Amino acid sequence: QVPSIYGGQINDILLTSLALTLTSWTGETSLLIDLESYGRFTEDLDLSRTVGWFTCLYPVCLSINTDSPVSQQVREIKNQLQSVPHGGLSYGLLRYLNHQKELAITPAIGFNYLGQLDKSQSDEFRRIPSPAANQAPNNQQLHQIDINSWVEAGEFSVEWTFSPGSHQSETIQ
């Protein structure tokens, strides 16, 4: 219900909250994060022979005016997210297909809103309870802090994983 009150999507609200929390903690007015989004990007592609879904991971710098009312902060974040070309898809194309090394930015924080998991029409998707426990011990974490959030059985959940080194990680729910 919160997104409709502020005229935004759930990501707008969650990322406004994250920006407010981290900017108050760091004293900065902007926050660089990797934002993960997913879905089928266009109806023009024949994806009938694909398995799974596409994800898109791209850096975004969120600036927030902490003196503004919350409704204005949500609008600012919403506008910043809407200004990302092609929902971040073009970043991956430029960085990986054209080998654009100047685009090789890896923020310390990764964020992903998985959606409302219990609204699924089938059992196609199941969240693994602890991502850190299901990874190879020599797997290098991409971010120092990974934040995953979702709604399941009417309950909002946030799980974050802190990886101070390349092989250590700790998951907190």
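The sections below set out a description of the structure shown in this document. (Residues numbered from 1 in each chain as written. Predicted model: local features only at pLDDT ≥ 70, side-chain atom pairs only at ≥ 80, totals over all residues. Heavy atoms only, no water.)

Before going further, it helps to examine the overall build of the protein. Check the secondary structure of the protein and you find 4 helices and 6 strands. Along the protein, helices and strands appear, N-terminal first, in the series α-α-β-β-α-α-β-β-β-β. Counting across all 173 residues of the protein, residues that qualify as buried make up 32%. Long-range contacts, defined here as pairs at least 24 residues apart, represent 58% of the contacts in the protein between residues at least 6 apart. When the accessible surface of the protein is split by element, carbon and sulfur atoms take 52% of a total near 11300 Å². (Helix = DSSP H or I, 4+ residues; strand = E, 2+ residues; numbered from the N terminus. Buried < 20%, exposed > 50% of the residue type's maximum accessible area, 1.4 Å probe, protein only. Contact = heavy atoms within 4.5 Å. Areas by Shrake-Rupley, 256 points an atom, 1.4 Å probe, with all protein chains shown as cover.)

A grouping of Val2, Ile5, Tyr6 and Val70 is seen on the molecular surface, where their side chains present a nonpolar patch of about 350 Å² in accessible area. Looking at the nonpolar patch, the element that brings in the most residues is helix H1 (residues 2-6), giving 3 residues. Among the secondary structure elements, Val70 is positioned in helix H3 (residues 70-82). On the basis of relative accessibility, which here comes to 41%, the residue Val70 falls in the partly exposed class. (Patch = residues over 30% accessible without salt bridge, like charges linked within 9 Å, V, L, I, M, F, W, Y side chains within 5 Å. Salt bridge = Lys/Arg side-chain N within 4 Å of Asp/Glu carboxyl O.)

What follows concerns the pairing of strand E1 (residues 30-38). Where E1 and strand E2 (residues 55-63) come together, 9 bridges link them in antiparallel fashion. Residue Leu31 lies in a different strand from E2, and its bridge partner there is Leu62. Where E1 and strand E3 (residues 109-116) come together, 4 bridges link them in parallel fashion. Pairing of Ile33 across the sheet is with Ile109, part of E3. (Pairing = 2+ DSSP bridges.)

Of note, Gln73 is situated in helix H3. When its relative accessible area of 2% is taken as the criterion, Gln73 is described as buried. Not counting the four nearest positions on each side in its chain, Gln73 is found in contact with Thr16, Leu20, Ile64, Asn65, Thr66 and Ser68.

The quantities given are spatial measurements derived from coordinates; they are silent on function.
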